[in-house]
Amino acid sequence: MYECPHVAGLPHPEPDPLSDTCPECLAVGSHPVQLRLCLECGHVGCCDSSPFRHASGHAKETGHPVMRSFELGDNWRWCYEDGSIV
Ligand SMILES: [Zn+2]
Ligand SMILES: [Zn+2]
Ligand SMILES: [Zn+2]
């Protein structure tokens, strides 16, 4: 598996989710397709198949590169900076 340099800098244990859905979608009445959890700060955002892509927006705005899927049964992580599963 690809060694992402950002994973080593992530907080342990992983941050508690700040919400149980995408708050930015909630605010505008949109519906997330899937949810992503920022492993730097616990921000929950919607995936790139959702209309607003708030998870990638969050990564761009904050520079938090690594998220994991927040869907039940999923445990893969994605690094936006590397553009890869990590
Ligand atoms: Zn990375
Ligand atoms: Zn959203
Ligand atoms: Zn974050």
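One can find the structure itself at the top, above this paragraph.
Residues numbered from 1 in each chain as written. Chains lettered and ligands numbered in written order. Predicted model: local features only at pLDDT ≥ 70, side-chain atom pairs only at ≥ 80, totals over all residues. Heavy atoms only, no water.

J.: Explain the coordination of the zinc ion (ligand 3) here, please?
T.: Reference values for angles at a metal are 109.5 degrees in the four-donor tetrahedral case and 90 or 180 degrees in the six-donor octahedral case. Donor atoms from the polypeptide that bind the zinc ion (ligand 3) are Cys38 (SG), Cys41 (SG), His58 (NE2) and His64 (ND1), placed at 2.0 to 2.3 Å. Each of the 4 donor atoms around the zinc ion (ligand 3) contributes to a set of angles spanning 105 to 112°, which defines the coordination as tetrahedral. Counting residues between consecutive donors of the zinc ion (ligand 3) along the chain gives the motif C-x2-C-x16-H-x5-H. Residue Cys41 is found in the loop between strand E1 (35-38) and strand E2 (44-46), and its partner His64 is found in the loop between helix H2 (54-62) and strand E3 (66-69); the two are separated by 23 residues along the sequence. (Donors = N, O, S within 2.8 Å, 3.2 Å for Na, K, Ca; no water. Tetrahedral: all angles 85-135°; square planar, octahedral: opposite > 155°, others 65-115°. Helix = DSSP H or I, 4+ residues; strand = E, 2+ residues; numbered from the N terminus.)

J.: I'm lost on the nonpolar core in this one. Help?
T.: Nonpolar side chains tend to gather and get buried jointly when the protein is soluble and globular. Core analysis: the biggest nonpolar cluster contains 13 residues, and Cys4, Val66 and Val86 have the highest contact counts within it. Contributions of two or more residues to this core are made by E1 and E2. (Core = buried A, V, L, I, M, F, W, Y, C linked by side-chain atoms within 4.5 Å. Buried < 20%, exposed > 50% of the residue type's maximum accessible area, 1.4 Å probe, protein only.)

J.: Looking at this structure, I do not really get the coordination of the zinc ion (ligand 1). What am I missing?
T.: Every protein donor of the zinc ion (ligand 1) is accounted for by Cys4 (SG), His6 (ND1), Cys79 (SG) and Asp82 (OD), and the metal-donor separations fall at 1.8 to 2.2 Å. When the donor residues of the zinc ion (ligand 1) are listed from N- to C-terminus, their spacing reads C-x1-H-x72-C-x2-D. You can see His6 sitting in the segment before helix H1 (23-28) and its partner Asp82 sitting in the loop between strand E4 (77-79) and strand E5 (84-85), a full 76 residues away along the chain. The class for Asp82 is partly exposed, based on a relative accessible area of 25%.

J.: I keep staring at the environment of Pro15 and nothing clicks. Help me out?
T.: When you line up the elements, Pro15 lands in the segment before H1. Assessed through its relative accessible area of 15%, Pro15 is described here as buried. In this structure, the C-alpha to C-alpha distance between Pro15 and Cys38, residues 23 residues apart in sequence, is 8.2 Å. In this structure, Pro15 is in contact with Leu37, Cys38, Leu39, Glu40, Cys41 and Gly42, ignoring residues within four places of it in sequence. (Contact = heavy atoms within 4.5 Å.)

J.: Looking at this structure, I do not really get H2. What am I missing?
T.: Given 3.6 residues to a turn, an α-helix orients residues that are three or four positions apart in the same direction. Looking at H2, one finds that the buried residues are His54, Ala55, Ser56, His58 and Ala59. Gly63, located one to two residues past H2, shows a positive phi value of around 75°.

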